[in-house]
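Take a look at the letters that make up each chain.
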Amino acid sequence: QVQLVESGGGSVQAGGSLRLSCAASGRTFSYYAVGWFRQAPGKERYFVVGVNWSGVPTSYADSVKGRFTISRDNAKNTVYLQMTSLKPEDTAVYYCAVPKEPFRIGIRSTDYDYWGQGTQVTVSS
């Protein structure tokens, strides 16, 4: 089992920044990819970006390219999502997720087995 806890969400004005954290426990974190997803009210859960066990990111969703940056600190069992130039359309619950198998990564929600509880990000115009 893997336990994931997201933090760092909040309410900001457009143009602002937030840094989300995803703290993991329960397994050898450095063997696992981590994905960030978001879900706006009434919409499907949407892949934002992932990072592999070595810290190499996947492609970013087009809507966040150039504004969001993913990173990880394996010593702290934590993955970060730095979000800048936030827009109202970034408003969503943000989730981090981990696959069941080590050294696997994907861009679909079905590629991930363990999920955090989510953290709300609200961007006002």
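Details of the structure are given in the entry above.
Residues numbered from 1 in each chain as written. Predicted model: local features only at pLDDT ≥ 70, side-chain atom pairs only at ≥ 80, totals over all residues. Heavy atoms only, no water.

With respect to the pairing of strand β3 (residues 18–25)
And then number 1: As paired strands, strand β1 (residues 3–7) and β3 are joined by five bridges and run antiparallel to one another. Paired with S7 across the strands is S21, a residue of β3.
And then number 2: Where β3 meets strand β7 (residues 78–83), six bridges bridge the pair, whose relative direction is antiparallel. If you follow A23 over to β7, its bridge partner there is T78. (Pairing = 2+ DSSP bridges. Helix = DSSP H or I, 4+ residues; strand = E, 2+ residues; numbered from the N terminus.)

Here we look at the state of the cysteines
And then number 1: Tallied over the full model, the rule gives one disulfide.
And then number 2: With a sulfur-sulfur separation of 2.1 Å, C22 is cross-linked through a disulfide to C96. Looking along the S-S bond of the C22-C96 disulfide, the torsion reads about 75°, which is the right-handed sense. With C22 in strand β3 and C96 in strand β8 (residues 92–98), the pair connects residues that are 74 residues apart, well separated along the chain.
And then number 3: Residue C22 is classed as buried on the basis of its relative accessible area of 0%. (Disulfide = S-S within 2.5 Å. Buried < 20%, exposed > 50% of the residue type's maximum accessible area, 1.4 Å probe, protein only.)

Describing the nonpolar core
And then number 1: Ranked by internal contacts, the top residues of the largest apolar core, which has 30 residues, are W36, F68, L81, M83 and Y94.
And then number 2: Ignoring sequence-local partners within four residues, the contact set of L81 consists of L18, R19, L20, W36, V48, V49, F68, T69, I70 and Y94. (Core = buried A, V, L, I, M, F, W, Y, C linked by side-chain atoms within 4.5 Å. Contact = heavy atoms within 4.5 Å.)

Description of the sheet that holds β1
And then number 1: Judged by pairing direction, the sheet is antiparallel, and its four strands sit side by side in the order β1-β3-β7-β6 without closing on themselves. This sheet does not close on itself; its edge strands, each paired only once, are β1 and β6 (68–73). For this sheet the average axis-to-axis angle between neighbouring strands, irrespective of direction, equals 15°.
And then number 2: The sheet contact formed by β6 and β7 spans six bridges and is antiparallel. Along β7, the bridge assignment pairs S71 with Y80. (Axes fitted to C-alpha atoms, helices over the stretch in contact; angles between N-to-C directions.)

Let's talk about the environment of V79
And then number 1: Summarising the element assignment, V79 is placed in strand β7.
And then number 2: V79 sits 73 residues away from E6 along the chain, and the two C-alpha atoms are 9.3 Å apart.
And then number 3: In this structure, V79 is in contact with L20, S21, C22, F29, V34, W36, V51, I70, S71 and R72, ignoring residues within four places of it in sequence.

On their own, these measurements won't tell you what the molecule is for.
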